[in-house]
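Structural features, examined
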Amino acid sequence: MSTLASTVEPTATDAPRRRLPILALLAAQLCSLAGNAIALVAIPIIALTQTGSPLAAGIAGVFATVPLVIGGTLGGVLVDRFGYRTSSIVADVASGLTVVAIPALAATVGLPFGALLALVFLGGLLDPPGDTAKTVLMPDLATLARTPLARAAGAQSAVQRTAMLVGAGTAGALVALAGPMTALVADAFGFAVSAALVALFVPRRAATSDAASADENVRGGFVAGIRFIAGSPLLRSIVLLVTLTNAIDAAGMTVLKPVYATDVLGDPAMLGFMVGCFAAGALSGSAIFGAIGHRYSGRLMFATCFVLASAPPYLTMALGAPLPVLLPVLAVSGLAAGALNPMMATAMYSQVPDGMRARVFGATTAGVAASMPLGALLGGLAVEQLGLVPTLAVCASLYLVLGASPLVIRSFSGLTAARARGASGTAPEPASEAQRASRAQSMQSVAVGRASSRATVMRLPQRAQMP
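Residues numbered from 1 in each chain as written. Predicted model: local features only at pLDDT ≥ 70, side-chain atom pairs only at ≥ 80, totals over all residues. Heavy atoms only, no water.

With respect to the nonpolar core
By size, the foremost hydrophobic cluster in this structure holds 100 residues, and its most contacted members are Leu-184, Leu-256, Tyr-260, Phe-302, Tyr-314, Leu-340 and Leu-392. Not counting residues up to four positions away in its chain, the partners in contact with Leu-392 are Leu-256, Tyr-260, Tyr-314, Met-317 and Ala-318. Judged by nonpolar contacts, the second largest core, of 6 residues, contains Val-62, Leu-68, Met-372 and Ala-376. (Core = buried A, V, L, I, M, F, W, Y, C linked by side-chain atoms within 4.5 Å. Buried < 20%, exposed > 50% of the residue type's maximum accessible area, 1.4 Å probe, protein only. Contact = heavy atoms within 4.5 Å.)

This is the structure in structure tokens:
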């Protein structure tokens with residue numbers, strides 16, 4: 001039956017072009033990720049305000065990042081089992097409820113620090129399945145819109161950066177005017193809008209393609225995703241690099257930058273403008289990459305962008321730079337950072353088959369988030385024991401070494417092959433053997449000798465995409 005189905009299945013060229021679903025998905029990501037950016041600013045400020053301790057902010061960071069590992073481990077299997085669309089909607093609704101519970105408790109019976117940590121933990125636990133579901137929807141909706149994968153990945157990254165810009169700016173303004181609790185109400189509203197957009201405009205058929213293959217592979221679950229990652233030298237290297245740098249970024253966003261904004265700049269609300277300025281540069285970088293930069297992506301560009309996106313902000317803060325100096329540095333670093341996620345996403349979208357997407361993305365989410373709790377905790381301890389300036393200097397040095405590592409690690413040369421495949425819009429082959437055989441048989445008469453580069457996709461967890 002699978003062979004018969006494959007002979008009558010319309011191709012992407014024959015099917016009518018539909019752009020509304022992919023636009024709705026991008027709008028949903030904008031709303032949910034803008035809410036995440038608000039929480040990224042508001043929750044560390046709440047922790048610092050309640051306790052006055054950098055270590056307490058680090059502990060809050062631990063409770064925010066441990067769920068990313070758990071959710072990434074289990075989320076991919078759940079998304080494949082219940083469907084991309086349903087998982088996205090349910091995760092957004094549940095995340096919104098956990099977020100709005102924080103200001104609701106604070107306004108009624110009170111918000112002990114332990115209750116704050118519990119709600120932060122629950123909210124973080126629900127993020128990876130929702131983010132994974134939206135991510136794995138993108139290739140199908142890009143095909144429906146007849147959009148090359150490289151451009152779809154660039155658009156998705158631009159939306160992520162726009163969400164960070166809008167959310168961080170909104171958080172800064174709301175924290176300054178009405179306090180961090182009001183900012184979290186806006187966060188919950190973003191989740192509600194995201195759920196509505198996916199429910200109303202993303203078609204069920206596109207959201208469940210290759211479900212039979214997913215059911216066949218469900219027993220493999222998280223282990224199958226790990227094996228897929230382990231089988232790609234490029235993906236192994238990217239996951240390791242991002243895992244190490246995410247530890248630094250977790251310390252930066254949960255401890256170092258909130259403490260810098262509070263103690264050095266003298267105003268916690270400045271954290272929102274710091275994050276927003278970085279996001280503005282990253283948005284420009286994503287747009288430039290989507291327009292022309294994808295033609296030049298490769299190991300050299302990747303390493304250059306990684307170094308510029310990471311080391312300068314920490315070094316500038318270590319030197320005690322005032323806000324007029326720090327903000328332009330953050331903007332330039334963001335410009336470089338804007339190209340990183342599209343390069344990694346293009347590599348993933350060009351290889352991972354539909355039935356394996358959620359598992360690979362879920363395993364990747366868990367992998368790159370694994371170091372974040374430790375990074376947040378060590379960041380809080382380092383600031384309390386060593387001071388802010390030495391900790392910032394160490395972070396800048398580590399990021400410089402790690403960011404330059406793709407220049408000497410040979411497996412990163414696979415980024416160039418991934419660029420060529422992503423630019424052509426070539427989709428990965430399905431996961432099932434029957435579909436793979438059918439696809440190969442139909443392609444033999446059309447594309448004999450066509451090269452198929454194997455480079456894997458990387459998808460960062462949304463709350464792990466920190467400046």
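Next comes the rest of the account.
So, the environment of Ala-28
Here Ala-28 lies in helix α2 (residues 20-51). Taking relative accessible area as the criterion, Ala-28 reaches 0% and is therefore assigned buried. Here the alpha-carbon distance between Ala-28 and Ile-89, two residues 61 residues apart in the chain, equals 10.0 Å. For Ala-28, the contacting residues outside a window of four places in its chain are Lys-134, Ser-194, Leu-197 and Val-198. (Helix = DSSP H or I, 4+ residues; strand = E, 2+ residues; numbered from the N terminus.)

With respect to α2
The end-to-end C-alpha distance of α2, which contains 32 residues, comes to 47 Å, matching closely the 46 Å that a straight helix rising 1.5 Å per residue would cover. The element α2 is extensively covered by neighbouring structure, given that 24 of its 32 residues are classed as buried. Looking one or two places after α2, you find Gly-52, whose phi comes out positive at around 70 degrees. (Expected span 1.5 Å × (residues − 1).)

A look at the confidence of the model for the chain
Here the chain averages 78 in pLDDT, while 77% of its residues score no lower than 70. Within the chain, helix α18 (residues 388-404) carries the highest mean pLDDT (95), whereas helix α20 (residues 433-444) carries the lowest (33). This model gives residues 209-219 a pLDDT under 50, and the stretch forms 24 contacts once residues within four places in sequence are excluded. Between residues 429-467, whose pLDDT stays under 50, and residues either more than four places distant or in other chains, the model counts 106 contacts. (pLDDT = per-residue confidence, 0-100.)

Here's the deal with the side chain of Thr-243
Looking at where Thr-243 falls in the secondary structure, it is placed in helix α11 (residues 233-264). Excluding anything up to four places from it in sequence, Thr-243 contacts Gly-367, Val-368 and Ser-371.

Observations concerning the packing of α11 against helix α13 (residues 299-318)
Relative orientation of the contacting elements α11 and α13 amounts to 25 degrees, with a least axis distance of 12 Å. It follows that α11 is roughly parallel to α13 by the angle criterion. Taken as a pair, α11 and α13 cross one another with a handedness that is left-handed. Along its contact with α11, which presents Leu-241, Thr-245, Ile-248, Asp-249, Gly-252, Leu-256, Lys-257 and Tyr-260, the element α13 presents Phe-302, Phe-306, Tyr-314 and Met-317. By residue class, the composition of the contact of α11 with α13 is 8 nonpolar, 2 polar and 2 charged. (Axes fitted to C-alpha atoms, helices over the stretch in contact; angles between N-to-C directions. Parallel < 35°, antiparallel > 145°, perpendicular 65-115°, else oblique. Left-handed = near helix turned anticlockwise from the far one by under 90°. Nonpolar A, V, L, I, M, F, W, Y, C, P; charged D, E, K, R; others polar.)

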